[in-house]
Amino acid sequence: MGVKSTSSHPANTKKADGHLLEYYRNTFGTGGGAPTGAPVTVDFLIIGGGGGGGAGEAVAARRVGGGGGAGGYRVSYSSETPGGPSTSNESAMTMLTGTTYTITVGAGGAGGTGNDGSLSNRQGIRGGVSSVSGPDIATVTSVGGGGGGAGSTSSTNSLGTPGGCGGGGGSHSGSGNAGGGHPSRDASDNPVPTQGYGGGFGQDSSTNNSGGGGGAGAAGLDGDGASPPSGNGGDGKASSITGSSVTRGGGGAGAISSAGRSGGSGGGGDSGGSPGNDGVSGTENTGGGGGTGGYASSSPYGDAGAGGSGVVILRSSTRAQTHPGGSETTTGGDYVYTYNSSGDITF
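Nothing here was measured: the structure is a model prediction, and the numbers come from that model. (Residues numbered from 1 in each chain as written. Predicted model: local features only at pLDDT ≥ 70, side-chain atom pairs only at ≥ 80, totals over all residues. Heavy atoms only, no water.)

A. Here's a closer look at the overall build of the chain. Scanning the chain for helices and strands turns up two helices and 14 strands. Evaluated residue by residue, the chain yields a buried proportion of 57% over its 347 residues. The long-range fraction of contacts in the chain, counting pairs at least 24 apart against all pairs at least 6 apart in sequence, stands at 58%. Counting every atom, the chain has about 11,900 Å² of accessible surface; 49% of that belongs to carbon and sulfur. (Helix = DSSP H or I, 4+ residues; strand = E, 2+ residues; numbered from the N terminus. Buried < 20%, exposed > 50% of the residue type's maximum accessible area, 1.4 Å probe, protein only. Contact = heavy atoms within 4.5 Å. Areas by Shrake-Rupley, 256 points an atom, 1.4 Å probe, with all protein chains shown as cover.)

Put into structure tokens, the structure is as follows:
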């Protein structure tokens, strides 16, 4: 079954379809008299889990990791646009009554462990995938945010990792900049459309700065100066799919030497700052990236914050028969189903 834009349905037709299905259910019940296989237009907001922040080690030039990238951000509601620079809104899904669709909400990625002797343990972990899938629709997937790069010995080892929004690059004792992760650039799961922005770059021993994680609405800021906003996480995007405007998908903060920075609006975690404070985790169910931990010359050393879990929100003029795992609200004559954890839905 294909997808269909809500903009092609006049509002009165969409409402009439929903009211007709409600009439059948109220008159005949859902067990035998309700029509099955009828098309239902469903708008969505799907955000992947945020990436964990990277962590540094107790060596001056390697002191801070990069901020975690926000989870990929996809939306079809109204004229809202997905994460990243795209100006084209996505089409709504067309589901069928009587068919069950699976809702997956991605977990946030773990943050790196401060001053750990293993490079991989200092690296932030990518967030989990959020999606809506079913037997008669193309799966709509938002990938997890990229992990923040570790504070390390070289620019190569301190790179932020790709994701829905890219992780920020960590500081390092080599030469040149440690690039931030690109948004959605893994060849194995390169999603269309782009779902967010890239992370900022980290710098070498000349500054000891790291980059912020990318957000749904803006790139993470490079660690290229001693003053804010250098190293801040990228801002998220606002959606009114629930009836109220809420900003989600903020990138996690990098750091400027020993000073903390701010996560992006929409759930991005702040960095810890000195002496050795832990980074702040991304806000749950926003897909926000985790902030890096703070520098200390010895233990205790700041650990990086984890990414925030993702979310799936569906909106339709037709009321669902069942929606385990999701809460139901109403707004503007529509039904809104919010999934803070995985579940399913049947219209």
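B. Spatial organisation of the sheet that holds strand β5 (residues 130-134). Strand order in the open sheet formed by four strands is β6-β5-β4-β14, with antiparallel pairing between adjacent strands. Of all strands in the sheet, those bounded by a partner on one side alone are β6 (137-142) and β14 (343-346). For this sheet, the mean inter-axis angle between neighbouring strands, taken without regard to orientation, is 15°. Sheet topology places strand β4 (residues 100-104) next to β5; three bridges connect them, and they run antiparallel. Residue pairing across strands places T104 opposite S131, the latter belonging to β5. (Pairing = 2+ DSSP bridges. Axes fitted to C-alpha atoms, helices over the stretch in contact; angles between N-to-C directions.)

C. Seen up close, the environment of T94. Looking at the element boundaries, T94 is found in strand β3 (residues 93-96). Remark: the alpha-carbon pair of T94 and I137, spanning 43 residues in sequence, is separated by 7.4 Å.

D. Fine view of the side chain of N285. Relative to the elements of secondary structure, N285 occurs in the loop between β10 (259-260) and β11 (311-316). With a relative accessible area of 18%, N285 lands in the buried category. A distance of 3.0 Å separates a polar side-chain atom of N285 from the backbone oxygen of G310. What N285 contacts, discounting residues up to four positions off in sequence, is R248, S309, G310, V311 and N340. (Polar contact = N/O pair within 3.5 Å; in protein donor to acceptor, adjacent residues only side chain to side chain.)

E. Here's a closer look at the nonpolar core. Counting 21 residues, the largest nonpolar core has M93, M95, V132, V312, L314, I345 and F347 as the members making the most contacts within it. Elements represented by at least two residues in this core include exactly β1 (39-47), β3, β4, β6, β11 and β13 (334-339). With four residues, the top contributor of residues to this core is β1. Here V312 is in contact with L45, I46, I103, T104, V105, S130, S131, V132, Y337, T338 and Y339, once residues within four sequence places are set aside. (Core = buried A, V, L, I, M, F, W, Y, C linked by side-chain atoms within 4.5 Å.)

F. Quick look at the pattern of salt bridges. Scanning the model with the defined rule gives four salt bridges in all. One salt bridge in this structure joins R122 and E57, with 3.5 Å as the shortest N-O distance. On the criterion of sequence distance, the pair formed by R122 in helix α2 (residues 119-122) and E57 in the loop between β1 and β2 (73-75) is long-range, its members being 65 residues apart. Like R122, the residue E57 is buried in the burial classification. (Salt bridge = Lys/Arg side-chain N within 4 Å of Asp/Glu carboxyl O.)

G. Structural detail: unusual backbone geometry. Residues S274 and P275 are joined by a peptide bond in cis, for which omega reads 0°. Inspection of the secondary structure assignment puts P275 in the loop between β10 and β11. Of note, the phi angle at S78 is positive, near 50°, even though the residue is not glycine. Phi is positive for N285, close to 65°, though the residue is something other than glycine.

H. Structural view of the environment of S230. As for its placement among the helices and strands, S230 is situated in the loop between β6 and β7 (237-239). A relative accessible area of 9% places S230 in the buried class. Distance in space between the C-alpha atoms of S230 and R261 is 7.9 Å, their sequence separation being 31 residues. In contact with S230, not counting residues within four places along its chain, are D222, D224, G225, I256 and R261. A polar contact of 3.3 Å, which involves the side chain of S230, links it to the side chain of D224.

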